[in-house]
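For reference, the chains in residue letters:
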Amino acid sequence: MRTSPKFLTIFSAFLCFLTTEAILVRQESSLFGPYDAANAHLAHWDLSGTAHLAETAIRLTPDEASAQGAIWNNYPLMSNDWEFHIQFHIHGKGVHLNGNGMAFWYAKERLTPGHVFGSKDYFSGLGLFIDTVENAAAPHNHRHPYLSAVVNNGSFPYHHDEQGTAGQVGGCHLQARNLEWPTKLAISYISDVLTVYLDTQGTETWTQCFRAVGVHLPTGYFLGVSASTGEHSDNHDIVSITTLDNIIPEKVWEDRGLLIPHAEFLEIPFVEASAKAEAEAAGSDSLFGKIVYFGGIAVVLYLAYVIFKKYKGKKDRKHRS
């Protein structure tokens, strides 16, 4: 059920003024502190893994190695046009060694742990990934932390080795670690256009990260946030989540429950990443085959040498006698 908004941020009010849209806050899909740290239950939301409530935030992972945590809304979002406003805080004792990062989801399946920042791979829907660890061996041309957005239909893996760029519809550098204030992220999906804005200064000054047209997402998926740590770690905290319905006058609501999520334009298509992975695998198989082949030749030559030495030794002894 839709309820009247308790508040509108300056950013949402500005968009409303520009587009003549009505903006309604979905209370059942939003989170506001303070939280009851003594209570593990949160209305309309489910916590998993290391996620737990603190007074001012929901901590998905502590600053400890090998942690995974997530929070998922249990109401499917039926809007055609929506916004997510998320305040989060990534911080830890590490200066240069930290990780791994967090992900914001609009996905078909919820509460399924996995290795993609604490959630499952081969997801169906939209994933926005904040990768705080730079893999120097992986090819990329951006700084870290890096935010990338991927639309998946459940058929493709998330390529960690591509630093989040394989299959992405957009991305940008995001300086979000160890700030004195929470980072604000606004994800806007209106008329098949996905736009992401950032406020890293805590001043309601929004900067566009990217704008992607031709993004087609179903209705009825779930909002979630997950995070993970590896050998190195960070605290990953969610301060608040505000989910907004954008009501566009004279636009008829469309049931997209059977729509397969896809994007018309990708910066690096999945097929290229898959082809690269297959080529690397084929190269590994080819190298292994060469090792076996030349190893076999070496064994045959060695055996021939041993037999020749034995034969020559017998012949020499017979000649001396």
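Given the structure is predicted, the values throughout are model-derived calculations rather than measurements.

K.L.:
Can you tell me about the packing of aromatic side chains, naming the residues and giving the values?
P.N.:
Counted by the stated rule, this structure contains twelve aromatic pairs. Between the aromatic rings of tryptophan 105 and phenylalanine 123, the centroid separation amounts to 5.0 Å while the plane-to-plane angle is 75°, which identifies the pairing as edge-to-face. Here tryptophan 105, found in strand S7 (residues 101-107), pairs with phenylalanine 123, found in the loop between S7 and strand S8 (124-131); they are 18 residues apart in sequence, far enough to count as distant. Note on tryptophan 105: relative accessible area 2%, which makes it buried. Residue class for phenylalanine 123 comes out buried when judged on its relative accessible area of 2%. Each member of the aromatic cluster is reached from another via a ring pair, and the members are Trp82, Phe84, Tyr106, Tyr189 and Tyr221.

K.L.:
Describe the state of the cysteines, and please don't skip the residues or the numbers.
P.N.:
Each disulfide is one covalent bond, formed between the sulfur atoms of two cysteines. Summed over the entire model, instances satisfying the criterion amount to one disulfide. Two residues share a disulfide in this structure: cysteine 172 and cysteine 209, whose sulfurs sit 2.1 Å from each other. When the S-S torsion is -115°, as for the bridge of cysteine 172 with cysteine 209, the disulfide is left-handed. Of this pair, cysteine 172 sits in strand S10 (residues 168-173) while cysteine 209 sits in strand S13 (residues 207-213), and the two are 37 residues apart along the sequence. For the pair shown, cysteine 172 and cysteine 209 are each scored as buried.

K.L.:
Please provide a residue-by-residue account of the nonpolar core, values included.
P.N.:
In terms of nonpolar packing, the biggest core is built from 46 residues, with Phe88, Met102, Phe104, Ile187 and Ile238 touching the most fellow members. A per-element tally of this core places strand S6 (residues 82-91) first, with five residues. Ignoring sequence-local partners within four residues, the contact set of isoleucine 187 consists of Trp82, Glu83, Phe84, Ile86, Phe104, Leu128, Leu194, Thr195 and Val196. One finds Trp72, Ala103, Val150 and Tyr158 within the second-largest nonpolar core, a separate group that totals 13 residues.

Criteria and cut-off values
Residues numbered from 1 in each chain as written. Predicted model: local features only at pLDDT ≥ 70, side-chain atom pairs only at ≥ 80, totals over all residues. Heavy atoms only, no water. Phe/Tyr/Trp six-rings, centres within 6.5 Å; stacked < 30°, edge-to-face > 60°. Helix = DSSP H or I, 4+ residues; strand = E, 2+ residues; numbered from the N terminus. Buried < 20%, exposed > 50% of the residue type's maximum accessible area, 1.4 Å probe, protein only. Disulfide = S-S within 2.5 Å. Core = buried A, V, L, I, M, F, W, Y, C linked by side-chain atoms within 4.5 Å. Contact = heavy atoms within 4.5 Å.

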